[in-house]
Amino acid sequence: GGYVDSLHREELSPSSICRHLASLSTFFRFLVLEGRVSENLAKLLIAPAVWDRLPTVLSPAATERLLESPSPLTRLGRRDRALLETLYATGCRASEVVGLRPMDLDLTKGTARCVGKGNKERQVPLGSSAIAALIVYLDKDRPALLARSPETATVFVAKSGRPLSRIALWYVVKRHARASGLNADVSPHTLRHSFA
């Protein structure tokens, strides 16, 4: 814990802190193999308590809690699940995810086409959980949400049928982070860091 705190004080990014921890773990694994130490003490560094101290990275268990927070029984719950799964699976920015159109998704291949800064396009893998959540949402819920605003061209739609804004996405993440008992600092960017 003290080591993680010292790295944080040096203002290292969460991904750099994770690299430090991974390197230490590998070194200790080597020491165990060489018979220099009896156990890999660095395992303690990747315990959940340490993950919780990292400023903007969620542990796999915390990420799972967040992704499972939306209700599968409501239209907006299923939309939120698809949204969170897509954010996490792709590692895309909030602006890229709210900008996704159905034509950008290839659920058979399991890819999404994200348009980033400077209009740069890239294909990113979606993963099975995001694909499953998107299939349910696109089939059941998006058409109903679009009833009030059929001209909306984005995948993710607000209650009004209008495209979901970046601010609304931010609120979705915050709401489910609170419901999961997670740190108040969790944001869409947290999921991007956690993906990385």
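Residues numbered from 1 in each chain as written. Predicted model: local features only at pLDDT ≥ 70, side-chain atom pairs only at ≥ 80, totals over all residues. Heavy atoms only, no water.

## Let's talk about the overall build of the protein chain
Phase 1 of the analysis: Helix and strand counts for the protein chain come out as nine helices and three strands.
Phase 2 of the analysis: Moving toward the C terminus, one meets the helices and strands of the protein chain in the order α-α-α-α-α-α-β-β-β-α-α-α.
Phase 3 of the analysis: The buried share among the 196 residues of the protein chain stands at 42%.
Phase 4 of the analysis: With the model as given, the accessible surface of the protein chain reaches about 11,000 Å², and the carbon-plus-sulfur share is 56%. (Helix = DSSP H or I, 4+ residues; strand = E, 2+ residues; numbered from the N terminus. Buried < 20%, exposed > 50% of the residue type's maximum accessible area, 1.4 Å probe, protein only. Areas by Shrake-Rupley, 256 points an atom, 1.4 Å probe, with all protein chains shown as cover.)

## Regarding helix H7 (residues 128-145)
Phase 1 of the analysis: Compared with the 26 Å implied by 1.5 Å per residue over 18 residues, the 24 Å span of H7 between its first and last C-alpha is a close match.
Phase 2 of the analysis: For H7, every residue scored as buried is listed here: Ala130, Ile131, Ala133, Leu134, Tyr137, Asp141, Arg142 and Leu145. (Expected span 1.5 Å × (residues − 1).)

## A short note on the packing of aromatic side chains
Phase 1 of the analysis: Inspection of every chain in the model, using the stated rule, returns two aromatic pairs.
Phase 2 of the analysis: Ring centres of Trp170 and Tyr171 lie 5.2 Å apart, and the angle between their planes is 80°; on these two criteria the pair is classed as edge-to-face. (Phe/Tyr/Trp six-rings, centres within 6.5 Å; stacked < 30°, edge-to-face > 60°.)

## A short note on the pattern of salt bridges
Phase 1 of the analysis: Tallying each qualifying case throughout the model produces 11 salt bridges.
Phase 2 of the analysis: We note a salt bridge from Arg78 to Asp141, for which the minimum N-O separation is 2.8 Å. Of this pair, Arg78 sits in helix H5 (residues 75-90) while Asp141 sits in helix H7, placing them 63 residues apart in sequence. One exposure class covers both Arg78 and Asp141, and it is buried.
Phase 3 of the analysis: Between Arg122 and Glu96 there is a salt bridge, with the nearest N and O atoms lying 3.1 Å from each other. Within this pair, whereas Arg122 is found in strand E3 (residues 121-125), its partner Glu96 is found in helix H6 (residues 94-98), the two being separated by 26 residues in sequence.
Phase 4 of the analysis: Given a relative accessible area of 3%, Glu96 falls into the buried group.
Phase 5 of the analysis: Among the charged side chains, a network of salt bridges with common partners joins Arg101, Asp104, Arg113 and Glu121. (Salt bridge = Lys/Arg side-chain N within 4 Å of Asp/Glu carboxyl O.)

## What about the sheet that holds strand E2 (residues 111-115)?
Strand pairing in a sheet relies on backbone hydrogen bonds. The paired strands run either parallel or antiparallel.
Phase 1 of the analysis: One open sheet accounts for three strands, arranged E1-E2-E3; its pairing is antiparallel. The sheet is open, and its two edges are formed by strand E1 (105-106) and E3, each paired on a single side.
Phase 2 of the analysis: Pairing between E2 and E3: five bridges, direction antiparallel. By the bridge assignment, Cys114 is partnered in E3 with Arg122. (Pairing = 2+ DSSP bridges.)

## Details of the confidence of the model for the protein chain
Phase 1 of the analysis: On average, residues of the protein chain score 82 in pLDDT, and 79% of them are at 70 or above.
Phase 2 of the analysis: No element of the protein chain has a lower mean pLDDT than helix H3 (residues 48-53), at 53, and none a higher one than E1, at 96. (pLDDT = per-residue confidence, 0-100.)

## Digging into the nonpolar core
Phase 1 of the analysis: Leu66, Phe156 and Leu169 are the most contacted members of the largest nonpolar core, which totals 38 residues.
Phase 2 of the analysis: Secondary-structure elements contributing two or more residues to this core are helix H4 (60-67), H5, H6, E2, H7 and helix H8 (166-179).
Phase 3 of the analysis: Counting residues per element, this core draws most heavily on H7, at six residues.
Phase 4 of the analysis: Dropping the residues within four chain positions of it, Leu66 is found in contact with Leu58, Leu84, Val173, His176, Ala177, Ser180, Leu182, Val186 and Leu191. (Core = buried A, V, L, I, M, F, W, Y, C linked by side-chain atoms within 4.5 Å. Contact = heavy atoms within 4.5 Å.)

## Notes on the pairing of E2
The side chains of a regular strand alternate between both faces of the sheet.
Phase 1 of the analysis: Across two bridges, the pairing between E1 and E2 is antiparallel. Within the sheet, the bridge partner assigned to Leu105 lies in E2 and is Ala112.
Phase 2 of the analysis: Hairpin connection from E1 to E2: four residues lie between these consecutive antiparallel strands, with Gly110 at a positive phi of about 80°.
Phase 3 of the analysis: What sits between E2 and E3 in their antiparallel hairpin is a turn of five residues, with Gly118 showing a positive phi close to 65°.

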